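Examination of the molecular architecture
Listed below, chain by chain, are the residues.
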Amino acid sequence: MKNTILKSILGAGLLFSVTSCSDFGDMNVSPNSPANPNTASLLTGVLRNVGGATTSIIPALYAQQFGDVTYIEESRYKTVQVDYNGLYTGPLSNLQYIIKLNTDEATKSTAAANGSNPNQIATARILKAYFLQYITDRWGDIPYSEALKGVNNFSPAFDTQQAIYNDLFKELKEAQSQFDAGKTVVGDILLSGNVAKWKKFANSLRLIAALRLSKIDPAKGKAEFAAALTDGVITSNADNVKYAYLSEANNEHPLYNNYITTNRKDYAVSSTFVNALAKLKDPRLPAMAEKNINGEYRGVPYGVFPVSWKAQDVSLAAPSIRQQNSSVNVITYAQVLLAQAEAAALGWTTGNAKDLYEAAIKASLEQWGVYNEADYKAYIAQADVAYTPAKAIEQISVQRWITLFYQGSEAWAEWRRTGFPVLTPAANPLNGGKDIPRRMAYPATESTLNKTNYNAVVARQGKDDQYTRVWWDK
């Protein structure tokens, strides 16, 4: 079935009961295909996609946190078109269906068995905003207001990223205030149905999204930032949002799968990242990278061809973060503090930028399990780390790049927005470009199955390649 059509159909991948002529009674009704799927199961299935969004490797390669070990095409930007259809037909369609089941009079009382209707709707709205921001940050203008409309629209138009961001702010603000005192949501494998944590998650997403506007619309960004801060964001590492993989093959950590299950070892920590942390004597290096066979931290050369090394010669990701059941960070206290430090440096808030910056470093060291007071004080006293107002944005950005290790999409987005740290593109890219990609090109299905709307978005946004910048990256 056409992918573009699929992304407009609600409940893709769900099983519905099918009946034939009434003469056959219930003969053609499958007892294993319920007419109204269980919302708890739908939510669990949706949340399993959060881990994949966090650990997506191509953005982490673009941000030079990782590099390819043997097949280095991605570090040389070979892939231009990247498919997003599965996000529409999978988690987004299922979230829309959760909202429908909790809204329609015919189904809302049954759905309420898995949490109050408002709480399920609020959770689904927050997750929809999370996935849609993830998509628009990578591709730019995307199907939004006309997507997920079922048979009412098989060819959704592309909304501008500006319009999408404006609506995301609204959705997140309304959703976090929609929770009631009813039952917590069943099937929540991310935050265990904790309403307070869902509110902080939503407001922290708003805070980060507001900072995306720092160059393109600082007035709007400042207002949304202040509103999110007032509503309540993550305030400690105990609030960190993490996706926990399991000790079983069907839901195991991606690096465990790559390093152990398939024994491929395709990705190692890049030389750019290892060298930067080594220069700063950063205590987090052992928590992020493993020593090579010679007992040294040696990052894999980034985008260098031909290959003259083996996996044993370079630093793979640290064992502590690549176990089968390791967790991955979705959004953290250190990340939120760094956003507040930058907002203070920009004059958006009255906070003390230096104090927030240093608190963020401390939170990051604690998050990565390497904090002690002496090392922390020595670290922040170094010339390249000690807060300097004239270099505030660069210093904050570098610390963000470090603490966002293995949060590739977020690290790539923040690098595009700020330009820091200064990264050198691969010396011999395979796509004809001379820079690190600024976006991903649309999947081929858009130009073939949604041609009219595809032509319109290309005319408005710019050439559909890796170097046309998204709206906030100007």
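Because the structure is a prediction, the values reported are computed rather than measured.

The rules we used
- Residues numbered from 1 in each chain as written.
- Predicted model: local features only at pLDDT ≥ 70, side-chain atom pairs only at ≥ 80, totals over all residues.
- Heavy atoms only, no water.
- Axes fitted to C-alpha atoms, helices over the stretch in contact; angles between N-to-C directions.
- Helix = DSSP H or I, 4+ residues; strand = E, 2+ residues; numbered from the N terminus.
- Parallel < 35°, antiparallel > 145°, perpendicular 65-115°, else oblique.
- Left-handed = near helix turned anticlockwise from the far one by under 90°.
- Contact = heavy atoms within 4.5 Å.
- Nonpolar A, V, L, I, M, F, W, Y, C, P; charged D, E, K, R; others polar.
- Expected span 1.5 Å × (residues − 1).
- Buried < 20%, exposed > 50% of the residue type's maximum accessible area, 1.4 Å probe, protein only.
- Polar contact = N/O pair within 3.5 Å; in protein donor to acceptor, adjacent residues only side chain to side chain.
- Pairing = 2+ DSSP bridges.
- Phe/Tyr/Trp six-rings, centres within 6.5 Å; stacked < 30°, edge-to-face > 60°.
- Lys NZ or Arg CZ within 6 Å of the ring centre and 35° of its normal.

1. Focus on the packing of helix α4 (residues 85-101) against helix α6 (residues 117-139)
In the contact formed by α4 and α6, the axes pass within 8 Å of each other and the chain directions differ by 155°. In terms of axis orientation, α4 runs roughly antiparallel to α6. Of the two possible hands of crossing, α4 and α6 adopt the one that is left-handed. Between α4, through Leu-87, Tyr-88, Pro-91, Leu-92, Leu-95, Gln-96, Ile-98 and Ile-99, and α6, the contact on the second element is made entirely by Gln-120, Ile-121, Ala-124, Arg-125, Leu-127, Lys-128, Phe-131, Leu-132, Tyr-134 and Ile-135. Its residues assigned to classes, the contact of α4 with α6 shows 14 nonpolar, 2 polar and 2 charged.

2. What about helix α2 (residues 39-55)?
Here α2 spans 26 Å end to end across 17 residues, near enough to the 24 Å set by a 1.5 Å rise per residue. The complete set of buried residues in α2 reads Thr-39, Ala-40, Leu-42, Leu-43, Val-46, Leu-47, Val-50, Gly-51, Ala-53, Thr-54 and Thr-55. The opening residue of α2 is Asn-38, an N-cap whose side-chain oxygen sits 2.8 Å from the backbone nitrogen of Ala-40.

3. Notes on the pairing of strand β6 (residues 327-331)
With 4 of 5 residues buried, β6 lies mostly within the body of the structure. Note that strand β4 (residues 241-244) and β6 share 4 bridges and pair antiparallel. Within β6, the residue paired with Tyr-243 across the bridge is Val-328.

4. Regarding the environment of Ala-386
Position of Ala-386 among the secondary structure elements: in the loop between α15 (373-381) and α16 (392-403). The exposure class of Ala-386 is partly exposed, given its relative accessible area of 25%. Along the chain, Ala-386 and Tyr-62 lie 324 residues apart, while their C-alpha atoms are 27 Å from each other. In this structure Ala-386 touches Ile-380, Ala-381 and Gln-395, once residues within four positions along its chain are discounted.

5. With respect to the packing of aromatic side chains
Per the stated rule, a full pass over the model turns up 21 aromatic pairs. Ring centres of Phe-66 and Tyr-406 lie 5.5 Å apart, and the angle between their planes is 55°; this geometry places the pair in the tilted category. One end of the pair, Phe-66, is in strand β1 (residues 66-68); the other, Tyr-406, is in the loop between α16 and α17 (408-418), with 340 residues separating them in the sequence. Taking the relative accessible area as the measure of exposure, Tyr-406 reaches 6% and is therefore buried. Measuring from ring centre to ring centre gives 6.0 Å for Phe-225 and Trp-348, while their planes differ by 70°; the resulting arrangement is edge-to-face. Note that Phe-225 is positioned in helix α9 (residues 218-231) and Trp-348 in the loop between α13 (333-345) and α14 (353-367), a separation of 123 residues in sequence. Exposure class is identical for Phe-225 and Trp-348. Each is buried. Here the aromatic cluster, defined as three or more aromatic residues joined through ring pairs, consists of Phe-66, Phe-273, Trp-368, Trp-401, Phe-405 and Tyr-406. The lysine or arginine in question, Arg-212, covers the ring of Trp-472, its NZ or CZ lying 5.5 Å from the ring centre. One Lys or Arg, Arg-439, reaches over the ring of Tyr-442 and ends 4.7 Å from the middle of that ring.

Everything listed here is a matter of geometry and, on its own, says nothing about what the molecule does.
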